[in-house]
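# Descriptive analysis of the structure
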There are 2 protein chains.
Amino acid sequence: MRQSHLFTKTRKEAPADEVSKNAEFLIRGGFIYKEMAGAYAFLPLGLRVLNKIMNIIREEMNAIGGQEIVMTSLQRPELWKSHFEQDRWDDKNVDNWFKTKLKDGGERGLAFTHEEPISNMLEQFVSSYRDLPFSVYQFQNKFRNEKRVQAGIMRTLEFIMKDLYSFSKNEAEHNIFYEKVKQAYINIFKRAGIGHITYLTFASGGVFSKFSHEFQTITPAGEDVIYINEENNIAINKEVFTDDVKKDLGLNGSFKEAKAVEVGNIFTLGTKFSKPHLVFEDETGKKNPVFMGSYGIGPARLMGVVVEVLSDDQGIIWPESIAPFQVHLLALANGEDEEILSYADKIYESLLKANIEVLFDDREGVSAGEKFADSDLLGIPLRAVVSERSLKEGGIELKKRAEEKGKIVSLPELLKLLKTDRALDSR
Amino acid sequence: MRQSHLFTKTRKEAPADEVSKNAEFLIRGGFIYKEMAGAYAFLPLGLRVLNKIMNIIREEMNAIGGQEIVMTSLQRPELWKSHFEQDRWDDKNVDNWFKTKLKDGGERGLAFTHEEPISNMLEQFVSSYRDLPFSVYQFQNKFRNEKRVQAGIMRTLEFIMKDLYSFSKNEAEHNIFYEKVKQAYINIFKRAGIGHITYLTFASGGVFSKFSHEFQTITPAGEDVIYINEENNIAINKEVFTDDVKKDLGLNGSFKEAKAVEVGNIFTLGTKFSKPHLVFEDETGKKNPVFMGSYGIGPARLMGVVVEVLSDDQGIIWPESIAPFQVHLLALANGEDEEILSYADKIYESLLKANIEVLFDDREGVSAGEKFADSDLLGIPLRAVVSERSLKEGGIELKKRAEEKGKIVSLPELLKLLKTDRALDSR
């Protein structure tokens with residue numbers, strides 16, 4: 001894409017009321033726009049990143065057999081009040097509902113999760129042991145009426161969430177799938193570039209079970225505190241970090257305290273949302289409640305976390321897997337230097353033809369200094385500069401965003417290099 | 001995909017309260033699930049169709065230079081009350097808001113459209129004539145608090161909408177882009193299989209302008225009445241069908257009355273949502289309001305319309321371009337006929353390897369009659385049957401959903417045929 005065509009522009013300053021690093025860089029780079037406290041629009045560059053994150057998640061969900069759907073935001077009270085064994089409609093029990101009214105006076109809520117409606121829907125499709133097990137997931141906009149929204153896109157009033165639900169005949173069958181999701185989540189965080197600082201973490205199971213598993217990424221911006229056991233590559237959330245729990249889990253040795261942010265959670269729900277309605281007949285004709293699990297990742301939160309942990313003072317450093325573009329091509333033409341512009345144009349066209357995602361800074365009247373600063377802020381992994389100097393030295397000055405020194409390459413060398421990169425990626 | 005793995009099942013009956021044909025077939029086929037009046041979930045088969053429709057629209061929007069973003073559902077009252085020259089917050093002026101409250105007491109609305117927030121956002125990015133023209137679009141979930149929701153997925157309380165907004169220096173520049181959108185919309189409806197019964201239609205411009213353009217598809221399920229002028233391949237909405245208007249438009253000759261449903265609209269907004277804040281400096285240094293247009297298509301409504309107009313008594317007949325799968329492979333094995341099952345398996349694997357989208361009805365204990373009925377209901381364009389008879393006759397019985405008679409082909413012939421089809425599609 002030509003940067004001169006992009007309607008967004010970079011900014012020197014973030015909004016004064018923005019305290020989080022992820023929002024600061026993402027707003028300054030034109031990735032997102034702050035619509036109000038706790039609600040952000042995704043602009044072209046930001047949407048490209050978000051879509052890449054969602055595609056990684058989608059691939060991993062499909063690989064474990066997840067079937068994709070999209071449910072509704074609007075919710076009927078009945079389902080949440082008394083269809084299953086708990087009341088999650090009452091504001092006394094759930095404190096972050098957004099509620100609204102139909103024109104005819106009926107009340108509706110905006111879903112903050114989907115256990116109730118999905119279990120209810122599946123009553124129609126599940127009747128026999130032959131129908132189980134399976135799993136269903138969606139990328140769907142959740143609404144949560146939170147009071148504290150100061151963490152940029154890591155905690156917002158509305159956000160896209162990948163929520164996966166699993167349905168098994170019994171706990172043993174559930175456990176097999178649960179382990180598959182665990183591995184899929186490990187793959188996702190690794191592919192998104194934060195695997196090395198993300199820990200499988202024991203946390204409270206809430207009302208559902210003794211423990212749940214979270215994935216926590218270490219960052220000073222985190223709202224949680226975890227205790228990391230490096231030997232076993234595992235952590236315990238402060239909320240359940242007691243001697244009893246350590247013994248329970250068989251974890252001895254030393255623990256390191258760290259601030260962290262939850263980037264995923266996986267829950268064993270058991271029969272909480274299946275009893276008494278979502279049941280199946282087993283081989284003997286007996287009716288049993290379905291055994292469930294639920295598994296969440298917020299792709300926008302993940303994007304925010306990546307910015308928190310993979311950036312320097314100048315801006316973002318995107319991992320290749322989720323970068324908005326593979327290459328940032330900069331044309332540094334002093335005044336009307338036709339040779340530079342036409343050579344940069346030729347490179348741009350060659351990259352497009354080779355199916356390489358390139359952002360081309362073809363803007364006129366913008367200084368080299370500004371172009372470099374913008375390129376560092378946007379954080380595309382590879383920067384390719386065409387200037388009077390680079391031409392003299394024989395071509396294009398190529399530099400990785402994360403490195404200090406660049407090197408001069410020719411156009412064929414650039415193309416070869418990028419194609420090799422992609423071939424490695426797709427393995 | 002193996003049909004035995006699909007968690008949805010077909011149904012003989014639609015819900016008793018469902019009166020529209022599109023909802024009836026889509027629910028019976030397991031494409032959608034009725035969450036409540038006016039709100040449907042999209043299940044795996046339905047989501048595949050919806051995504052194909054959205055991708056067609058996306059390609060056509062990108063082709064005219066549209067830049068994709070996603071804005072928020074939650075809306076601040078200030079923007080809608082008094083930031084621009086009209087008040088669209090007051091329920092007296094707009095009667096289909098869903099409104100809700102923040103925990104701290106502030107009020108929020110759920111966007112039914114996005115003129116106000118997008119214009120407001122762009123104040124940050126537009127300052128000079130050099131920034132114009134451009135266009136921005138999104139696929140975003142809209143909420144409309146409608147009293148009448150009886151048309152299946154053609155009119156719902158929440159729905160995904162593609163809304164495109166254009167920003168030009170003046171009316172002349174706007175008109176050039178407006179014509180491009182017109183052509184893009186014609187392409188979209190043609191590609192989605194309803195071009196031959198969809199008419200560019202003059203309608204009321206509402207408060208914005210004398211006329212707007214709608215795209216109306218003829219169907220008895222339509223809520224609108226249009227008058228079609230076949231000679232000019234154009235129509236006039238009943239709401240503005242007067243002698244004066246006919247004269248205005250220079251349309252003589254005969255008009256045919258028809259019921260129709262609006263599948264798209266394109267609006268010239270002028271400076272209604274730019275004055276007084278979204279302004280740019282022209283070449284002479286003078287400040288002018290930006291000249292705007294807005295352009296909508298509801299992908300789910302489009303899907304509903306396709307079902308209304310392209311179906312028979314047995315079920316849906318999807319156009320190839322938006323069908324959930326290209327081929328429906330049916331294995332008709334009487335009892336434990338291993339030869340048939342293993343041959344069908346081999347075909348399935350070969351189709352997958354050739355990147356052909358195939359739904360494989362590998363269900364056991366389901367009669368041939370049921371499989372044929374389900375196949376007609378689901379409406380995949382091509383049906384490939386493997387049975388004792390087809391094997392005797394030399395292979396696979398291939399039949400188009402829209403045709404009565406099939407023919408016997410070998411596996412290599414099937415593969416060749418499908419690849420040729422795709423090559424033609426991608427031209």
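Within each chain, residues carry numbers counting from 1 in the order of the written sequence. Throughout, the order in which chains and ligands are written sets their labels, letters from A for the former and numbers from 1 for the latter. Where totals are concerned, whole chains, interfaces and linings use all residues; where local detail is concerned, this predicted model gives features only for residues with pLDDT of at least 70, and gives and counts side-chain atom pairs only at 80 or more.

## Thoughts on the overall build of chain A
What counts, and what does not: Numbering goes from the N terminus for both helices and strands, where a helix is a DSSP run of H or I of at least four residues and a strand is a run of E of at least two. Here a residue counts as buried when 20 or more other C-beta atoms sit within 10 Å of its C-beta, as exposed when there are 12 or fewer, and as partly exposed otherwise, the C-beta atoms being derived from the backbone. We call two residues in contact if the C-beta atoms placed from their backbones are at most 7 Å apart.
In terms of helices and strands, chain A carries eleven helices and 23 strands. With the principal axes as the frame, chain A shows a C-alpha extent of 80 × 60 × 40 Å. For chain A, buried positions account for 46% of its 427 residues. Excluding contacts between residues fewer than 6 apart, the proportion of contacts in chain A whose partners are at least 24 apart in sequence is 68%.

## A closer look at helix α8 (residues 338–353) of chain A
Residues and elements named next belong to chain A. Rules: Multiplying 1.5 Å by the residue count of a helix minus one yields the expected span of that helix. Here the arc refers to the set of directions running from the helix axis out to each C-beta atom.
Given a rise of 1.5 Å per residue, 16 residues ought to cover 22 Å, and the 22 Å separating the end C-alpha atoms of α8 matches this to within 8%. Along α8, the residues classified as buried are Ala344, Ile347, Tyr348 and Leu351. One side of α8 holds all its buried residues, which, seen down the axis, span an arc of 100°. Exposed side chains of α8 directed beyond 90 degrees from the buried face belong to Glu338, Glu339, Lys346, Glu349 and Lys353. Two residues or fewer past α8, asparagine 355 is found with a positive phi of approximately 60°.

## With respect to the relation of the copies chain B and chain A
As a reminder of what qualifies: To line up the copies, we fit them by least squares on C-alpha atoms, keeping just the residues with pLDDT of at least 70 in both.
It takes a turn of 180° to lay chain B on chain A, together with a shift of 0.0 Å along the axis; the resulting RMSD is 0.0 Å. On this basis, the relationship between the two copies can be described by a two-fold rotation axis. When each C-alpha of chain B is compared by its distance to the rotation axis, Thr100(B) comes out closest, at 2.6 Å. In this assembly the copies share their binding face: 100% of the residues contributing to the interface of chain B also contribute to that of chain A.

## Considerations on the sheet that holds strand β21 (residues 382–387) of chain B
Residue and element names in this part refer to chain B. Put simply, the rule is: Only strands that DSSP links by at least two bridges are regarded as paired with each other. Axes here refer to lines fitted to C-alpha atoms; in helices the fit is confined to the stretch in contact. Angles between the N-to-C directions go from 0 to 180 degrees.
The five strands lie next to each other as β20-β19-β21-β22-β23, forming an open sheet whose pairing is mixed. Of all strands in the sheet, those bounded by a partner on one side alone are β20 (358–361) and β23 (407–409). Shown here is a sheet whose adjacent strand axes are inclined to one another by a mean of 25°, direction ignored. In the sheet, β21 pairs with strand β22 (residues 396–400) via four bridges, with the strands oriented antiparallel. In the strand pairing of β22, arginine 383 is matched with lysine 399. Packed onto the sheet, helix α8 (residues 338–353) meets β19 (327–332), β20, β21 and β22 and runs at close to 165° relative to β19. Packed on one face of the sheet, helix α9 (residues 368–378) meets β19, β20 and β21 and runs near 175° to β19.

## Description of the interface of chain B and chain A
Defined as follows: Just so you know the grouping, Ala, Val, Leu, Ile, Met, Phe, Trp, Tyr, Cys and Pro go in nonpolar, Asp, Glu, Lys and Arg go in charged, and all remaining residues, Gly too, go in polar.
With 37 residues of chain B in contact, the opposing surface of chain A contributes 37 residues. By residue class, the composition of the side of chain B that touches chain A is 21 nonpolar, seven polar and nine charged.

## A short note on the packing of helix α1 (residues 21–28) of chain B against helix α7 (residues 299–309) of chain B
Residues and elements named next belong to chain B. We apply this condition: Roughly parallel covers angles under 35 degrees, roughly antiparallel covers those over 145, roughly perpendicular covers 65 to 115, and oblique covers all other angles.
It is at 8 Å that the axes of α1 and α7 come closest, and there the two elements cross at 95°. The orientation of α1 relative to α7 falls into the category roughly perpendicular. On α7, the residues that touch Lys21, Asn22, Phe25 and Leu26 of α1 are Gly304, Val307 and Glu308. When the residues that make up the contact of α1 with α7 are grouped by side-chain class, the tally is three nonpolar, two polar and two charged.

## A closer look at unusual backbone geometry
All names here are of chain A. Cis geometry marks the peptide bond from leucine 132 to proline 133, where omega comes out at -5°. Inspection of the secondary structure assignment puts proline 133 in the loop between α4 (115–122) and β7 (134–143). For the bond running from lysine 275 to proline 276, omega is -5°, close enough to zero to count as cis. Within the chain, asparagine 233 stands out as a residue other than glycine whose phi angle is a positive 55°. Within the secondary structure layout, asparagine 233 lies in the loop between β11 (224–229) and β12 (234–237). Looking at asparagine 233, the number of C-beta atoms within 10 Å reads 9, which means it is exposed.

## Comments concerning the pairing of strand β12 (residues 234–237) of chain B
Residues and elements named next belong to chain B. Where strand β9 (residues 198–204) and β12 come together, three bridges link them in parallel fashion. By the bridge assignment, phenylalanine 202 is partnered in β12 with isoleucine 236. In this structure, strand β11 (residues 224–229) lies alongside β12, joined through four bridges in antiparallel fashion. Paired with isoleucine 228 across the two strands is alanine 235, which belongs to β12.

## With respect to the domain arrangement of chain A
Our working definition: As annotated, the domain borders come from an automatic or database domain assignment.
The domains assigned to chain A are domain 1 (21–312) and domain 2 (325–425). Computed from C-alpha atoms alone, the centre-to-centre distance between domain 1 of chain A and domain 2 of chain A is 40 Å.

## Concerning the sheet that holds strand β4 (residues 74–75) of chain B
Residues and elements named next belong to chain B. Spatial strand order, β4-β6-β5: three strands in an open sheet with antiparallel pairing. Each edge of the open sheet is held by one strand with a lone partner, namely β4 and β5 (98–101). As paired elements, β4 and strand β6 (residues 107–110) share two bridges and run antiparallel to each other. Across the sheet, residue glutamine 75 finds its bridge partner in β6, namely glycine 109.

## Some details on the packing of helix α2 (residues 44–63) of chain A against helix α5 (residues 171–191) of chain A
When two helices pack together, their arrangement is captured by the angle between the axes and the distance separating the axes. All names here are of chain A. What counts is decided by this rule: In a left-handed crossing the near helix is turned counterclockwise from the far helix by less than a right angle, and in a right-handed crossing that turn is clockwise.
In the contact formed by α2 and α5, the axes pass within 10 Å of each other and the chain directions differ by 155°. Taken together, the axes of α2 and α5 are roughly antiparallel relative to one another. Handedness of the crossing formed by α2 with α5: right-handed. The segment α2 lies against α5, with Ile56, Ile57, Glu60, Met61 and Ala63 engaging Ala184, Asn187, Ile188 and Arg191. Residues that form the contact of α2 with α5 fall into these classes: six nonpolar, one polar and two charged.

## Here we look at the confidence of the model for chain A
Close reading of the predicted structure is inappropriate where its pLDDT is low. Keep this limit in mind: pLDDT is defined as a per-residue confidence score from the predictor, taking values between 0 and 100.
Of all residues in chain A, 97% have pLDDT values of 70 or greater, and the mean over the chain is 94. Across the interface, the model reports ipTM at 0.96; the global pTM reads 0.96.

## Remarks on the nonpolar core
Heads up, the rule is: Core membership is restricted to buried Ala, Val, Leu, Ile, Met, Phe, Trp, Tyr and Cys residues, and these are joined into a nonpolar core through C-beta atoms within 7 Å.
By size, the foremost hydrophobic cluster in this structure holds 230 residues, and its most contacted members are Ile32(A), Ala41(A), Val327(A), Ile32(B) and Ala41(B). Setting aside its immediate chain neighbours within four residues, Ala41(A) contacts Ile32(A), Tyr33(A), Glu35(A), Ile69(B), Val70(B), Met71(B), Thr72(B) and Met121(B).

## Side note on the pairing of strand β8 (residues 158–168) of chain A
Residue and element names in this part refer to chain A. Among the eleven residues in β8, eleven count as buried, and that is most of the element. Here β8 shows no split at all, with Glu158, Ile160, Lys162, Leu164, Ser166 and Ser168 on one side and Phe159, Met161, Asp163, Tyr165 and Phe167 on the other all buried. Alignment of β7 against β8, held across ten bridges, turns out to be antiparallel. By the bridge assignment for β8, phenylalanine 143 is matched with glutamate 158. Where β8 meets strand β16 (residues 291–297), seven bridges bridge the pair, whose relative direction is antiparallel.

## Things to note about the environment of Lys272(B)
Inspection of the secondary structure puts Lys272(B) in the loop between β13 (256–270) and β14 (279–281). For the pair formed by Lys272(B) and Asn355(B), sequence separation is 83 residues and the distance between their alpha carbons is 49 Å.

## Re the environment of Asp313(A)
Mapping Asp313(A) onto the fold places it in the loop between β17 (311–312) and β18 (315–316). In the structure, Asp313(A) is positioned 64 residues away from Leu377(A) in sequence and 8.9 Å away in space, judged by C-alpha atoms.

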